[in-house]
Amino acid sequence: MRKNILDFTLRELEEQILGLGEKKFRASQIFRQLHNKNIRNFDELKNIPKEFIGKIKDTFILEYLELLDIKKSSLDKTKKFLFQIPETKDKIESVLISEKDRNTICVSTQAGCNAGCEFCATGKIGFKKNLSAGEILAQIYTVSMEIGEKPTNIVYMGMGEPLLNYHEVIRSVEKISGESGLAMSPQRITVSTVGIAPMIRRLGDDQVKFNLALSLHSAINEKRNQIIPYNLRNSLGDLVEAVRHFHDRTKTRITIEYVMLKEFNDNMEDAKALADFCRNFPVKVNLIQYNPVENSPYQDSGKDRTEAFKEYLDRLNMVVNIRRSRGKDIDAACGQLANKLIHNNS
Ligand code: SF4
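Residues numbered from 1 in each chain as written. Predicted model: local features only at pLDDT ≥ 70, side-chain atom pairs only at ≥ 80, totals over all residues.

### Some words on the domain arrangement of the protein
Interfaces are often described in size by the accessible area the parts lose on coming together. Under the domain assignment, the protein is made up of domain 1 (3-61) and domain 2 (66-345). On a C-alpha basis, the centroid separation for the pair domain 1 and domain 2 is 33 Å. On the side of domain 2, 15 residues touch domain 1, which itself brings eleven residues to the contact. Residue contributions to the side of domain 1 that touches domain 2 peak at four residues, all from helix α2 (residues 25-35). Class assignment for the residues of the side of domain 1 that touches domain 2 results in three nonpolar, six polar and two charged. (Domains from an automatic or database assignment. Contact = placed C-beta atoms within 7 Å. Helix = DSSP H or I, 4+ residues; strand = E, 2+ residues; numbered from the N terminus. Nonpolar A, V, L, I, M, F, W, Y, C, P; charged D, E, K, R; others polar.)

So this is what it looks like as structure tokens:
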């Protein structure tokens, strides 16, 4: 069976090209055009002998995701892209957040997710499949083509838990930051996790250069257990050890994501627990407005409670930002659009 050429790293492609009897440099020529020039068809390859293009077609496919829909927010410039994986028909989504001087693309790493977080629409879909590196990249390349420019930042915060698809996520980052790929600085790439402690340790051991965001949402074990089932497998104590290890090995400051859930995690005892958790390593905290999903018992904390929470942390000289929810009118919180379509179609 022919494999999708977008899935190969440069080194893997070199081996394949040598195996086809061509010189190694052809691999970087092809790789650059695939990942930097965004070609959609092997016939668009430049400076490659025609006969060799024929061999490439016999060996690989160049497959993108099917773009089903683009929704544009009327409240801000957020756009949501709904894709379908051609082979399995699973739906995934990406979000483009455009601000003054930056275009951030939020990508999915899995179709569905089995982490089952209570406040998340994707968690209600269940797990369908891990995306390949090529399927992760295809989201970025299609969104870039739609907006006519390359992204300034990439965040792995869409559908799925990136660290449960570790191998493909790392391979996709390699291509985004590699010189023959998008050549984007790893500091402009953020991978977000609900906290898979062994994989956070592994990121440290692999000395990755990108940013890590931890979706904490509560620093009290009993409460975190209620909203993030994964916390039952690795508690906050395990997470502290793992993040400390990550920071020791990479020297990277962690971003703590904290969704503000009214009267659930926004009391002063929650703020104190969060401050205690954050004392273990350098962090920046983002307090995020909640975009309620259907059938969820949670509501957003609202302006006053969020500001009081922030003030508590400010008094401890912590670095804290309030992040408003983007694309509220187009269900831009993770998994909402695919969730609606899947339920409407079933
Ligand atoms: S928040 Fe992330 S990890 Fe949790 S269910 Fe949703 S997609 Fe999965």
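### Examining the pairing of strand β9 (residues 153-156)
As paired strands, strand β6 (residues 102-106) and β9 are joined by three bridges and run parallel to one another. Bridging from a neighbouring strand, cysteine 106 pairs with valine 155 of β9. Here β9 pairs with strand β10 (residues 189-193) via three bridges, running parallel. In the strand pairing of β10, valine 155 is matched with threonine 190. Of the crossover connections in this fold, the one passing from β9 over helix α6 (residues 166-177) to the parallel β10 is right-handed. (Pairing = 2+ DSSP bridges. Right-handed = clockwise from strand over helix to strand, strands pointing away.)

### Some words on the sheet that holds β10
Pairing is mixed in the open sheet, where ten strands are placed in the order β3-β4-β5-β6-β9-β10-β11-β12-β13-β14. At either margin of the open sheet sits one strand with a lone partner, and together these are β3 (66-72) and β14 (320-323). Adjacent strand axes in the sheet meet at a mean angle of 20°, parallel and antiparallel pairs treated alike. Judged from the six bridges that link them, β3 and strand β4 (residues 79-84) form a sheet pairing that is antiparallel. Residue lysine 71 lies in a different strand from β4, and its bridge partner there is lysine 80. Sheet strands touched by helix α5 (residues 133-147): β3, β4, β5 (91-99), β6 and β9. Its angle to β5, the strand with the most contacts, is close to 45°. (Axes fitted to C-alpha atoms, helices over the stretch in contact; angles between N-to-C directions.)

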